[in-house]
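Structural characterization, general
In case you want the letters, here they are:
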Amino acid sequence: MFTILGDSGGSYSFGDSYTLAPAMAGDTFAPETSLKVTVIDPEGNVVSDKNGLKLEGVDASQAYTISLNKYGLYNIQYAATEENWVGNSDEFTNYVYVMDEEAPVITITSEYTKTAKVGQVIILPTFTVSDNITEEAKITIDRFVQNPTGRLVRIP
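Residues numbered from 1 in each chain as written. Predicted model: local features only at pLDDT ≥ 70, side-chain atom pairs only at ≥ 80, totals over all residues. Heavy atoms only, no water.

Points about the overall build of the protein chain
Convention followed: Counting from the N terminus, the helices are DSSP H or I runs at least four residues long and the strands are E runs at least two residues long. Just to be clear, the radius of gyration here is over C-alpha atoms, and the globule rule we use is 2.2 Å times residues to the power 0.38. Burial here depends on accessible area, computed with a 1.4 Å probe over protein chains only, as a share of the maximum for the residue type. Under 20% is buried, over 50% is exposed, and the range in between is partly exposed.
Across its full length, the protein chain holds zero helices and 13 strands. When the helices and strands of the protein chain are read in sequence order from the N terminus, they spell out β-β-β-β-β-β-β-β-β-β-β-β-β. By the compact-globule yardstick of 15 Å for 156 residues, the protein chain is too spread out, its C-alpha radius of gyration being 25 Å. The buried share of the protein chain, reckoned over its 156 residues, is 23%.

A look at the environment of Ala-21
Turning to its location among the elements, Ala-21 is positioned in the loop between strand E3 (17-20) and strand E4 (23-25). Between the C-alpha atoms of Ala-21 and Gly-52, which are 31 residues apart in sequence, the distance is 18 Å.

Here's the deal with the side chain of Ser-34
Rules: Residue contacts are counted whenever heavy atoms from the two residues lie within 4.5 Å of one another.
With respect to the element layout, Ser-34 can be found in strand E5 (residues 33-40). Beyond its immediate chain neighbours, meaning those up to four positions away, Ser-34 contacts Ala-79, Ala-80, Thr-81 and Glu-83.

Side note on the nonpolar core
Note the cut-off: Only buried residues count toward a nonpolar core. Its members are Ala, Val, Leu, Ile, Met, Phe, Trp, Tyr and Cys residues joined through side-chain atoms within 4.5 Å.
Among the nonpolar cores identified, the biggest contains 21 residues, and Val-37, Ile-66, Ile-76 and Tyr-78 are the most heavily contacted of them. Within the residue set of this core, elements represented by two or more residues are E3, E5, strand E7 (64-67), strand E8 (72-82) and strand E9 (89-99). Per element, the largest residue contribution to this core is four residues, and it comes from E8.

Note that every value here comes from positions in space, so none of it alone points to a role or purpose.
Put into structure tokens, the structure is as follows:
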């Protein structure tokens, strides 16, 4: 049996503090069960708590507070193991997601055709794009025009 003694997982904002609630595990036949927790950030690194303790295979019955300073999915991995018994083990993963709540910024830098008649040549705008997370060179840009029926058509 495995249980987290409080709230767990969910979505948070960049820079928030998150406290891992204590957790417990038990087994009817093997009363000595250990429960360890490891926290991995969105880049695959082990996370340290606010006191500098590296959260890799630490006692899950304690509460730990971490700073959510990277965007993406944090993996909170629990591992329960029977002690002085057969040695069976089980794992459970919980997730904390740090959302990017700031949309990219598109700035149009030239004149462009806003309306056109059938057969008329249109001028597409030039623009710059920036984002608080992704480098400009790694941003994918798709351009669309709206046809007379209201349908968006992708421009290669």
